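Architecture at a glance
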Amino acid sequence: MIPVREQVHQALTVLGAGAAPKLISAAHEAFFADTIVTTRLASLRRDEERSFAAQAYARPYYICAALTHDRLTPARGLLALSTWPLEQRIVGPLGPRTEFLTQAVRVAEQIQRIQVTGEQPSDAAWRLLHRFAQNVPGAHEGFGAADPERVIRAATTESEVHAADDAEQRQAAAQRARELTDTQKLFGAPALGLADRTGTDGS
């Protein structure tokens, strides 16, 4: 059996953005056959934080928290990878939408990679792509299977509308987050931490 932290790592690597347990489980089922029991993820981040606190950077990666842009506290229910840059792990006002679009593109690209090898994507992969396509304008019409290339085009087009503002918000938050301890950078500041002392605008 692959350890659950490795399963989560595999799924998040495909998705490319912070995700909730249900999406992580769906992505793992789609591309790695196994379904992750989401209840097993409830304590995973805490276990990872304890491991990091005991011996920092002993592992090549940690399952950590996505961070809120204003308080730099853990974003509720969202897991991320420690190997991602701070900007990628921060969720700003536009974050939920831009990360959804990123994930839509990444799922479509993963399906394309499978097709290039001559293999057939799983039914679960097509269902996951369909879920994304249904929520991206211009990505899908009718009742047939979603087209990966069309999903990529539609999601990329919308993402470009938000890209500059989203990047600016993430970069500003990441600059403040660099003043946190190494543990807090990965697992979030306490509720009354740096962000409250300095103000949410970084002043």
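Overview of the structure. (Residues numbered from 1 in each chain as written. Predicted model: local features only at pLDDT ≥ 70, side-chain atom pairs only at ≥ 80, totals over all residues. Heavy atoms only, no water.)

A few words on the sheet that holds strand S1 (residues 63–68). In any sheet, the strands associate via hydrogen bonds between backbone groups, in a parallel or an antiparallel arrangement. With respect to topology, 3 strands assemble into an open sheet ordered S2-S1-S3, the strand pairing being mixed. At either margin of the open sheet sits one strand with a lone partner, and together these are strand S2 (74–81) and strand S3 (90–91). With 4 bridges joining them, S1 and S2 adopt antiparallel strand pairing. Note on S2: the bridge partner recorded for Leu67 is Pro74. (Pairing = 2+ DSSP bridges. Helix = DSSP H or I, 4+ residues; strand = E, 2+ residues; numbered from the N terminus.)

This part covers the nonpolar core. Counting residues in each nonpolar core, the largest one holds 47 residues, and the members touching the most others are Val8, Leu12, Ile24, Phe31, Val107, Leu128 and Val151. When near neighbours in sequence (up to four residues on either side) are disregarded, Leu128 contacts Leu23, Ala26, Ala27, Ala30, Phe31 and Val107. If you look at the next biggest cluster of nonpolar residues, it comprises 10 residues, including Ala65, Ala173, Ala177 and Leu180. (Core = buried A, V, L, I, M, F, W, Y, C linked by side-chain atoms within 4.5 Å. Buried < 20%, exposed > 50% of the residue type's maximum accessible area, 1.4 Å probe, protein only. Contact = heavy atoms within 4.5 Å.)

In this structure the tally under the stated criterion is 4 aromatic pairs. Judged by centre distance (4.9 Å) and plane angle (80 degrees), the rings of Phe52 and Tyr57 are edge-to-face. For Tyr57, a relative accessible area of 53% corresponds to the exposed category. One aromatic cluster in this structure is built from Phe52, Tyr57, Tyr62 and Phe187. (Phe/Tyr/Trp six-rings, centres within 6.5 Å; stacked < 30°, edge-to-face > 60°.)

Using the criterion set out here, one finds 10 salt bridges in the structure. One salt bridge connects Arg59 with Glu48, and the closest N-O pair in it is separated by 2.6 Å. Here Arg59, found in the loop between helix H3 (44–54) and S1, pairs with Glu48, found in helix H3; they are 11 residues apart in sequence, far enough to count as distant. A salt bridge links Arg178 to Glu87; its shortest N-O distance comes to 3.0 Å. Taken together, the positions of Arg178 in the loop between helix H7 (148–177) and helix H8 (182–187) and Glu87 in helix H4 (residues 86–89) put the pair 91 residues apart, joining distant regions of the chain. Overall, Arg178 belongs to the partly exposed group, its relative accessible area being 40%. A network of salt bridges, in which partner residues are shared, links Arg5, Glu48 and Arg59. (Salt bridge = Lys/Arg side-chain N within 4 Å of Asp/Glu carboxyl O.)

Let us look at helix H5 (residues 95–116). Here H5 spans 31 Å end to end across 22 residues, near enough to the 32 Å set by a 1.5 Å rise per residue. Burial in H5 covers these residues: Gly95, Thr98, Glu99, Leu101, Gln103, Ala104, Val105, Val107, Ala108, Gln110, Ile111 and Ile114. Where the residues of H5 are buried, they touch helix H1 (4–15), helix H2 (21–32), H4, S3, helix H6 (123–133) and H7. Backbone geometry just downstream of H5 places Gly118 in the positive-phi region, at approximately 90 degrees. (Expected span 1.5 Å × (residues − 1).)

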